[in-house]
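Coordinates in review
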Amino acid sequence: PGAVCMIPVTADGRLLFVTQYRHAARKRLLELPAGTLEPGEEPFAAAARELQEEVGYRPTNLEPIGGLFVAPGYTTEYIHLFVCTGLEESALPGDDDEDIEVVSMTLDEATAAIASGDICDAKSIIGILRYARR
């Protein structure tokens, strides 16, 4: 059904990330929050819902900044990227199988984490670099 990936930006300009165990990678990854679209759900609605589920904030502003095909050689999945600002505390229950911790970083810390390999998933790298270049 596709997915969304959010770049949540706090009032003081910090970016919010999540860490969670990824079975395919066999380790915890530091990532931008993201999630799958529900059947019939619009990307804007999914981004607001997923942000509340994963980091406990509702964005008052969602700015689309493009997206990406995950692996167009074998799947049609497309991830929509959104910058989320005007964050207000508003948590929704997350998925039962998620063990998520929220991490805050400056943009410089995030780009350094890409360079060091601490952030190593494609959606997060692309989202951070698109945010930095806008």
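Computed from a predicted model, the values in this text were never measured in an experiment.

**Examining the pattern of salt bridges**
Within this structure, the stated rule accounts for 12 salt bridges. Residues Arg14 and Glu109 are paired through a salt bridge, measuring 3.6 Å at the closest nitrogen-oxygen approach. Of this pair, Arg14 sits in the loop between β1 (3-8) and β2 (15-22) while Glu109 sits in helix α2 (residues 107-116), placing them 95 residues apart in sequence. Taking relative accessible area as the criterion, Glu109 reaches 38% and is therefore assigned partly exposed. Put simply, Glu53 and Arg49 hold a salt bridge, and the shortest N to O gap is 3.3 Å. Here Glu53 and its partner Arg49 are both found in helix α1 (residues 43-55), 4 residues apart, which amounts to about one turn of the helix. Of the two residues, Glu53 and Arg49, both sit in the buried class.

**Notes on the side chain of Thr19**
Its location among the elements puts Thr19 in strand β2. Look at Thr19 and you get buried, because its relative accessible area is 15%. Setting aside chain neighbours within four positions, we find Thr19 in contact with Arg28, Leu29, Leu30, Asp99, Ile100, Glu101 and Val103.

Definitions and limits used
Numbers given for residues are sequential positions, taken from 1 along each chain in its written order. Under the rules for a predicted model, residues below a pLDDT of 70 receive no local features and side-chain atom pairs below 80 are neither given nor counted, while totals for whole chains, interfaces and linings still include all residues. As a rule here, side-chain values cover all heavy atoms of the structure and leave hydrogens and water aside. In the sections that follow, a salt bridge refers to a side-chain nitrogen of Lys or Arg positioned within 4 Å of a carboxyl oxygen of Asp or Glu. By the criteria applied, helices consist of DSSP H or I runs no shorter than four residues and strands consist of E runs no shorter than two, each listed in order from the N terminus. Buried means the residue's accessible area, taken with a 1.4 Å probe over protein chains only, is under 20% of the maximum for its type, while exposed means over 50%, and partly exposed covers the values in between. Between two residues, a contact is recorded if the distance between any of their heavy atoms is within 4.5 Å.

Everything listed here is a matter of coordinates, which is why it stays silent on function.
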